[in-house]
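Per-entry structural report
These are the residues of each chain, in order.
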Amino acid sequence: MPAFSYRGRNGAGEVVSGVLEGASPGAIADLLFGSGITPLEIKPAPTAALKQKAAAGSPTALASLFGPKIEHVDVLLFTRQLYTLLKAGVPIMRALAGLQESSANPAMKAVLASIRESLDSGRELSMSLARHPRVFTPFYLAMVRVGEMTGRLEEVFLRLFDHLEFERFMREQVKSALRYPMFVILAMAVALFVVNLWVIPAFAKVFAGFGAELPFMTRLLIGFSDFMVAWWPALIGGLAAAAFGFRAWTKTRRGKYLWDKLKLSIPIAGKIVRKATLARFARSFALAGRSGVPIIQALATVAQTVDNDYIAAEVNRMRDQVERGDSVLRAAIATGVFTPVVLQMIAVGEESGSLDEMMEEISGMYQSEVEYELKTLAQQIEPILIVLLGAMVLILALGIFLPLWDLGKVAVKK
């Protein structure tokens, strides 16, 4: 990821500068705004700055590629442990030193050492964390910045822990729900491969000795099997190339946007993705509102947590409308991505002045619905898998047994 050097002013009006990694200057600007810094200049970092950043504790390219990674659970544990230490009255430097010594992940130890060095040099905690954008998200940084401004840093860390735990739960539920369907689909693919490469060619030799015209279904199966036998390396290569091309396409900004939009329309899975995304949006918005983040800044930071570029773009458009003077309800209606239930809760929250509470209710409601959908996902997919498996078995049975049936009728007539 490219690095950019920046210069800006913090909330106290002081000029600050440094080097951050990001996809583009716009991403760096969003990161700085989320940390409470107004950028004055952002430009690609010179080589000297990159070397200085690497010396400050950034992992080398080789280490980041082959070394231990910082997982979601590492940030989760760091957040919870730091909350506990701060609540107990332990000074921040001493707390970070203890976490660094007790961390079992060398990569996390290096990050904590870098944060301590940054704090020693006079930077705030949010800016020290912002030097590691691959570890701490813009939303995380914005919440820490709010905690510093309000003096409720330990409370913010507790809320961030709940938020990260919710994110981890959602990911685990999705993985668990998709494990059985993926196993069945993989087994069907392997069975189809084996049947076409070994089973059908053996039957084709037997049928060739009949000296009679074969049924259409049998000819179709034999033709497809001959094609796979002759071109199976090209087929595997084509599938691998298609998978690689699709992955590369989804990593582009336009490709990810279109794929995230398409995911919402996929049967069965689409509604789960939409509900999970809305639950994530509502939880993040409620957390930002309860922490005292202004609504414009809250929408800007929440857009970076929904994990869906299409909905993130609509949330940013919603932020622009609110900034121009529209109500949150009217801006939400204009996006077209929120369900009537969400819009009704937003309307009640705006009228009563308790938008953060309504968002918390939305989050809990959709979290329960996503849990139910994921628990019944296997039951919803099972009929589709049974139909596909039955169709495959029927085609194989007709193609193989019809010639034997015809041969049996000829033998009876003789």
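Since we're looking at a predicted model, the values are computed, not measured.

1. What to know about the overall build of the chain
Assigned secondary structure in the chain consists of 18 helices and three strands. Within the span of the chain, comprising 414 residues, buried residues form 40% of the whole. Excluding contacts between residues fewer than 6 apart, the proportion of contacts in the chain whose partners are at least 24 apart in sequence is 61%. As displayed, the chain offers around 22300 Å² of accessible surface, 64% of which is attributable to carbon and sulfur atoms.

2. Let's talk about a nonpolar patch on the surface
A contiguous nonpolar surface patch, about 470 Å² in accessible area, is contributed by Leu 186, Val 190, Val 194, Trp 198 and Val 199. Its location among the elements puts Trp 198 in helix α9 (residues 153–208). The exposure class assigned to Trp 198 is exposed, which follows from its relative accessible area of 57%.

3. Re the packing of aromatic side chains
Under the counting rule described, the total for this entry stands at eight aromatic pairs. Aromatic side chains Phe 246 and Trp 249 sit 6.1 Å apart centroid to centroid with 45° between the ring planes, which places their arrangement in the tilted category. With a gap of three residues between them, Phe 246 and Trp 249 both fall in helix α10 (residues 216–251), about one helical turn apart. Centre to centre, the rings of Phe 281 and Phe 285 are 5.9 Å apart; their planes meet at 35°, and the pair counts as tilted. Of the two residues, Phe 281 and Phe 285 are both situated in helix α12 (residues 269–290); the distance of four residues between them amounts to about one turn of the helix. The same class applies to Phe 281 and to Phe 285, which are both buried.

4. Looking at the side chain of Glu 314
By the secondary structure assignment, Glu 314 is in helix α14 (residues 309–323). Residue classification places Glu 314 among the buried positions, given a relative accessible area of 9%. Setting aside chain neighbours within four positions, we find Glu 314 in contact with Tyr 257, Thr 335 and Val 337.

5. Things to note about the packing of α12 against helix α17 (residues 355–375)
Two numbers describe how α12 lies on α17: the axes approach to 8 Å, and their chain directions differ by 150°. Taken together, the axes of α12 and α17 are roughly antiparallel relative to one another. The crossing of α12 and α17 is left-handed. A class-by-class count of the residues in the contact of α12 with α17 yields 14 nonpolar, three polar and nine charged.

6. As for the environment of Val 370
Checked against the element boundaries, Val 370 lands in helix α17. Put simply, Val 370 and Val 273 are 97 residues apart on the chain and 8.6 Å apart in space, counted from C-alpha to C-alpha.

7. Here's the deal with the packing of α9 against α17
Viewed as axis vectors pointing N to C, α9 and α17 meet at an angle of 20°, and their least axial separation amounts to 9 Å. With respect to α17, the element α9 is oriented roughly parallel. Viewed along their axes, α9 and α17 form a crossing whose handedness is left-handed. Each of Phe 166, Phe 169, Met 170, Gln 173, Val 174 and Ala 177 in α9 lies in contact with α17, whose residues at this interface are Gln 367, Val 370, Glu 371 and Leu 374. Split by residue class, the contact of α9 with α17 holds seven nonpolar, two polar and one charged.

8. Observations concerning the nonpolar core
Within the largest apolar cluster, 85 residues are counted, with the highest numbers of intra-cluster contacts made by Phe 136, Tyr 140 and Phe 157. If you tally residues by element for this core, the top one is α9, at eleven residues. Apart from the residues within four sequence positions on either side, Tyr 140 is in contact with Val 75, Phe 78, Thr 79, Leu 129, Phe 157, Leu 160 and Leu 164. Counting nine residues, the second largest nonpolar core, distinct from the first, contains Phe 207, Leu 221, Met 392 and Leu 396.

9. Comments concerning α14
Compared with an ideal rise of 1.5 Å per residue, which puts 15 residues at 21 Å, α14 spans 21 Å between its outermost C-alpha atoms and is within 8% of the ideal. Every buried residue belonging to α14 is among Tyr 310, Ile 311, Ala 312, Glu 314, Val 315, Met 318, Gln 321 and Val 322, and all of these are buried. Its buried side turned inward, α14 meets α11 (253–263), α12, α13 (295–302) and α15 (328–335). Once α14 ends, the next one or two residues include Gly 325, with phi positive near 115°.

10. Thoughts on the confidence of the model for the chain
The predicted coordinates of low-pLDDT regions are not to be read in fine detail. Confidence in the prediction for the chain averages 81 pLDDT; 88% of positions are at 70 or higher. Here helix α2 (residues 47–55) stands out as the element of the chain with the lowest mean pLDDT, 46, in contrast to helix α4 (residues 72–87), whose mean of 91 is the highest. Throughout residues 47–63 the model reports pLDDT below 50, and contacts reaching past four residues in sequence, or to other chains, amount to twelve contacts.

11. Considering unusual backbone geometry
Comment: phi is negative for the bulk of residues other than glycine, and the bulk of peptide bonds are trans. For Ile 268, which is not glycine, the phi torsion reads 70° and is therefore positive. Looking at where Ile 268 falls in the secondary structure, it is placed in the loop between α11 and α12.

12. A word on the pairing of strand β1 (residues 3–9)
Counting buried positions along β1 yields five of seven residues, so the element is predominantly enclosed. Relative to strand β3 (residues 38–44), β1 runs antiparallel, the two being bridged by six bridges. Residue Ser 5 lies in a different strand from β3, and its bridge partner there is Lys 43.

13. Things to note about the pattern of salt bridges
One pass over the structure, following the stated rule, counts twelve salt bridges. Glu 369 is the salt-bridge partner of Lys 275, the closest N and O atoms lying 3.0 Å from each other. Within this pair, whereas Lys 275 is found in helix α12, its partner Glu 369 is found in helix α17, the two being separated by 94 residues in sequence. Look at Lys 275 and you get buried, because its relative accessible area is 18%. Here Glu 369 falls in the partly exposed class, since its relative accessible area comes to 29%. A salt bridge links Arg 283 to Glu 360; the nearest nitrogen and oxygen atoms lie 3.7 Å apart. You can see Arg 283 sitting in helix α12 and its partner Glu 360 sitting in helix α17, a full 77 residues away along the chain. Within this structure, Lys 256, Asp 260, Lys 263 and Asp 309 form a network of salt bridges that share partners.

What counts as what
Residues numbered from 1 in each chain as written. Predicted model: local features only at pLDDT ≥ 70, side-chain atom pairs only at ≥ 80, totals over all residues. Heavy atoms only, no water. Helix = DSSP H or I, 4+ residues; strand = E, 2+ residues; numbered from the N terminus. Buried < 20%, exposed > 50% of the residue type's maximum accessible area, 1.4 Å probe, protein only. Contact = heavy atoms within 4.5 Å. Areas by Shrake-Rupley, 256 points an atom, 1.4 Å probe, with all protein chains shown as cover. Patch = residues over 30% accessible without salt bridge, like charges linked within 9 Å, V, L, I, M, F, W, Y side chains within 5 Å. Salt bridge = Lys/Arg side-chain N within 4 Å of Asp/Glu carboxyl O. Phe/Tyr/Trp six-rings, centres within 6.5 Å; stacked < 30°, edge-to-face > 60°. Axes fitted to C-alpha atoms, helices over the stretch in contact; angles between N-to-C directions. Parallel < 35°, antiparallel > 145°, perpendicular 65-115°, else oblique. Left-handed = near helix turned anticlockwise from the far one by under 90°. Nonpolar A, V, L, I, M, F, W, Y, C, P; charged D, E, K, R; others polar. Core = buried A, V, L, I, M, F, W, Y, C linked by side-chain atoms within 4.5 Å. Expected span 1.5 Å × (residues − 1). pLDDT = per-residue confidence, 0-100. Pairing = 2+ DSSP bridges.

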